[in-house]
Amino acid sequence: MMSLRSLLAKQFAKKIYKKTQKWVKNPVKTQDSVFQNLISKAVATQFGKDHDFISINSHEDFIKRVPVRDYEALKPYVDLVVQGKEDVLWPEKPIYFAKTSGTTSGAKYIPITKESMPSHVEAARNAILLYIHETGKNQFVNGKMIFLQGSPILNEQNGIQLGRLSGIVAHYVPKYLQKNRLPSWETNCIEDWETKVEAIVEETLPENMTVISGIPSWVQMYFEKLQQKTGQKVGNIFKNFNLFIFGGVNYEPYRAKFENLIGRKVDSIELYPASEGFFAFQDRQDEKGMLLQLNSGIFYEFIKADEFFTKNPKRITIKDVEIGVNYVMIISTNAGLWAYNIGDTVEFTSVNPYRVIVSGRIKHFISAFGEHVIGKEVEQAMKEAIKNTDIRISEFTVAPEINPKSGLPYHEWFIEFENEPKDISALAKSIDKSLQTQNSYYFDLIQGKVLQPLKITKVVKNGFQNYMKSIGKLGGQNKIPRLSNDRKIVDTVKELNLVK
């Protein structure tokens, strides 16, 4: 017999589906409306005045007046907001800053306003409701749900609350979910990740867990600890666990390992949240891609990735996008981000409705576990590690090892030495220490024992040159990427027997 809670969930799901379909069926009109609303609201802000918003009546006008910017280029405005100034990027002050390490810059302060905050919460809720509407599966609402996230403890700076996005969102859990939601507030506030996971294991073991959500690398650690404690598969421990919700990193490399840990297949919903906005979520189990959120106070522009670094690349709106093309996604939002490059590349899998997959980053990075390590950080770590030593490096590249034969995953550094160190493990420790100092996410993953410290693999003399030659890219301006989010380069280096 259907419980009252699951009956209400089904009715609510139907209502939200109908509401969503209104903008899904009128995508261009919806985006035009979002655009006009954003411009009119921000006319009197400092940014609006500086960029003559009063004269903007079309996307063409906007392109002429507002150049594409990344965080560094927008930073002078953000700095004024951080200092407590009002009406800079958006009317009044933001209510939060989501502090993030980012993948294209150092520490970033991303504003969240009273207008933008509801979208972060509603998109996650709607993802679950559309799943209920599509599948008819609603019994899970009677069980317990866990959302593995950062601490909800916030700091205050000039009247603005500051914290990690997942911690901020924890303050907005709807009342009807609070009784069903784990971990407890006290456990969620534990800063040390390993201690926190142990506490989560204790809290959840006796419960009827039906939904588990989080970044795959963190959830994997939770699953492994459950298995260590009980000697059972997760699907045996939680017999009614049938829905896994994830975002943040590509799930595919983890899927086989997860199904082994769970002991069976479970449905999954992919989300595309970021501090800058909640952009998309998987709205159907039988379709590839996530439904782009066109009615959430975000106006989208797209630039073909292979044209992005040319002079004056063409900026288009959703009405002109094509399926299968790699685009850099540019956003303008009701949090005061304008023609903002978040650094992600996306591909459309459908234009009726508009669905996307995240295809990568416009700059090289590693974020296989949510660590957001960028080229600047690995280069700085290497520089610091070999300073005041006799070690000389010819070339290097870094890749994630997600499924090692034994032990925890790690970053693998492929290094071609001109002058080798006497103690390779000491060099690895030194590089790792520097990387942890620079990148708080990487530090958390090491300290939380999601990752083990990096390992070094030595490349033979001229090994990278031979690799470049093998792919027809020797000489000219071609160079080895400092890091990759996959193992394509290093696997080829190994296959060519270019490692010692």
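Our subject is the structure that appears above.
Since this is a predicted model, take the numbers as computed values, not measurements.

Visitor: Break down the pattern of salt bridges for me, with residues and values.
Guide: Inspection of every chain in the model, using the stated rule, returns 27 salt bridges. As a salt-bridge pair, Lys304 and Glu322 come within 4.0 Å of each other at their nearest N and O atoms. One end of the pair, Lys304, is in strand 12 (residues 298-304); the other, Glu322, is in the loop between strand 12 and strand 13 (327-333), with 18 residues separating them in the sequence. We note a salt bridge from Lys494 to Glu412, for which the minimum N-O separation is 3.9 Å. In this pair, Lys494 sits in helix 18 (residues 488-495) while Glu412 sits in strand 19 (residues 410-419), placing the two residues 82 residues apart along the sequence. Judged by relative accessible area, Lys494 falls into the partly exposed class, the value being 36%. Take Glu412: its relative accessible area is 4%, and that puts it in the buried class.

Visitor: Tell me about the packing of aromatic side chains, and name the residues and values.
Guide: Using the criterion set out here, one finds 23 aromatic pairs in the structure. Ring geometry for Phe348 and Tyr354: centres 5.9 Å apart, planes at 80 degrees, overall edge-to-face. Judged by its relative accessible area of 9%, Tyr354 falls in the buried class. Aromatic rings pair up to connect Tyr272, Phe279, Tyr300, Phe302, Tyr327, Phe348 and Tyr354 into one cluster. Seen from the ring of Tyr410, Lys455 lies directly overhead, with NZ or CZ sitting 4.8 Å from the centre. One cation-aromatic arrangement involves Arg482 over Phe396; the distance from NZ or CZ to the ring centre is 4.1 Å.

Visitor: Can you tell me about the nonpolar core, naming the residues and giving the values?
Guide: Leu292, Phe302, Met329 and Trp338 are the most contacted members of the largest nonpolar core, which totals 67 residues. Here the element with the most residues in this core is helix 5 (residues 71-82); it accounts for 6 residues. Once residues within four sequence positions are removed from consideration, Met329 is found in contact with Tyr272, Phe279, Leu292, Tyr300, Glu301, Phe302, Tyr340, Asn341, Ile342, Asp344 and Val346. Counting residues in hydrophobic clusters, the runner-up holds 56 residues, among them Phe244, Ile366, Ala385 and Leu435.

Visitor: Account for the side chain of Ser151, naming residues and giving values.
Guide: Along the chain, Ser151 turns up in the loop between strand 3 (144-147) and strand 4 (155-157). Classification of Ser151 as buried rests on a relative accessible area of 12%. At 3.2 Å, the side chain of Ser151 and the backbone nitrogen of Ile153 are in polar contact. A distance of 3.4 Å separates a polar atom in the side chain of Ser151 from a polar atom in the side chain of Glu191. Ser151 has contacts with Gly167, Asn188, Cys189, Glu191 and Lys196, leaving out every residue within four places of it along the chain.

Visitor: Go over the sheet that holds strand 18 (residues 392-401) with me, naming the residues and quoting the values.
Guide: Pairing within the open sheet is mixed, and its 3 strands lie in the order 18-19-20. One side of each edge strand has no neighbouring strand; the edge strands of this open sheet are strand 18 and strand 20 (455-458). Taken pair by pair, the neighbouring strands of this sheet meet at an average axis angle of 30 degrees, ignoring direction. Bridge count between strand 18 and strand 19: 9 bridges; the pairing is antiparallel. When the bridges of strand 19 are listed, Ile393 appears paired with Phe417.

Visitor: So, the packing of helix 15 (residues 424-438) against helix 16 (residues 440-447): which residues are in play, and what are the values?
Guide: Remark: helix 15 packs on helix 16, axes separated minimally by 5 Å, with the N-to-C direction vectors making an angle of 120 degrees. Put simply, helix 15 runs oblique to helix 16. Here Asp432, Leu435, Gln436 and Gln438 of helix 15 come into contact with helix 16, specifically with Ser440, Tyr442, Phe443, Ile446 and Gln447. Considering only residue class, the contact of helix 15 with helix 16 consists of 4 nonpolar, 4 polar and 1 charged.

Visitor: Which residues make up the pairing of strand 10 (residues 277-281), and what are the values?
Guide: Residues in a regular strand project their side chains so that they alternate between the two faces of the sheet. Among the 5 residues that make up strand 10, 5 are buried, leaving the element largely enclosed by the rest of the structure. Note: strand 9 (residues 267-274) against strand 10, 4 bridges, orientation antiparallel. The residue of strand 10 that forms the bridge with Tyr272 is Ala280. The antiparallel pairing of strand 9 with strand 10 creates a hairpin that spans 2 residues between the two strands. Note that strand 10 and strand 11 (residues 290-292) share 2 bridges and pair antiparallel. Bridge pairing links Ala280 to Leu292 in strand 11.

Visitor: Describe the sheet that holds strand 10, and please don't skip the residues or the numbers.
Guide: Pairing within the open sheet is mixed, and its 11 strands lie in the order 6-3-7-8-9-10-11-15-14-13-12. With partners counted over all chains shown, the strands left at the sheet margins are strand 6 (181-182) and strand 12, one partner each.

Visitor: An account of the environment of Phe53 is needed here, citing residue identities and associated values.
Guide: Assignment of secondary structure puts Phe53 in the loop between helix 3 (46-50) and helix 4 (59-65). Sequence-distant contacts of Phe53, that is, excluding residues within four places in its chain, are made with Ile39, Ala42, Val43, Phe47, Gly48, Val66 and Trp338.

Visitor: Could you give an account of the packing of helix 10 (residues 193-204) against helix 11 (residues 216-230), with specific residues and numbers?
Guide: If you want to describe how two helices pack, look at the angle between their axes and the distance between the axes. Contact geometry of helix 10 with helix 11 gives a least axis separation of 10 Å together with a crossing angle of 55 degrees. As summarised for this structure, helix 10 and helix 11 are arranged oblique, according to the angle between their axes. Considering how the two elements wind past one another, helix 10 and helix 11 form a crossing that is right-handed. Each of Trp193, Glu194, Val197, Glu198, Ile200, Val201, Glu202 and Thr204 in helix 10 lies in contact with helix 11, whose residues at this interface are Trp218, Met221, Tyr222, Lys225, Leu226 and Lys229. When grouped by side-chain class, the residues that make up the contact of helix 10 with helix 11 number 8 nonpolar, 1 polar and 5 charged.

What counts and what doesn't
Residues numbered from 1 in each chain as written. Predicted model: local features only at pLDDT ≥ 70, side-chain atom pairs only at ≥ 80, totals over all residues. Heavy atoms only, no water. Salt bridge = Lys/Arg side-chain N within 4 Å of Asp/Glu carboxyl O. Helix = DSSP H or I, 4+ residues; strand = E, 2+ residues; numbered from the N terminus. Buried < 20%, exposed > 50% of the residue type's maximum accessible area, 1.4 Å probe, protein only. Phe/Tyr/Trp six-rings, centres within 6.5 Å; stacked < 30°, edge-to-face > 60°. Lys NZ or Arg CZ within 6 Å of the ring centre and 35° of its normal. Core = buried A, V, L, I, M, F, W, Y, C linked by side-chain atoms within 4.5 Å. Contact = heavy atoms within 4.5 Å. Polar contact = N/O pair within 3.5 Å; in protein donor to acceptor, adjacent residues only side chain to side chain. Pairing = 2+ DSSP bridges. Axes fitted to C-alpha atoms, helices over the stretch in contact; angles between N-to-C directions. Parallel < 35°, antiparallel > 145°, perpendicular 65-115°, else oblique. Nonpolar A, V, L, I, M, F, W, Y, C, P; charged D, E, K, R; others polar. Left-handed = near helix turned anticlockwise from the far one by under 90°.

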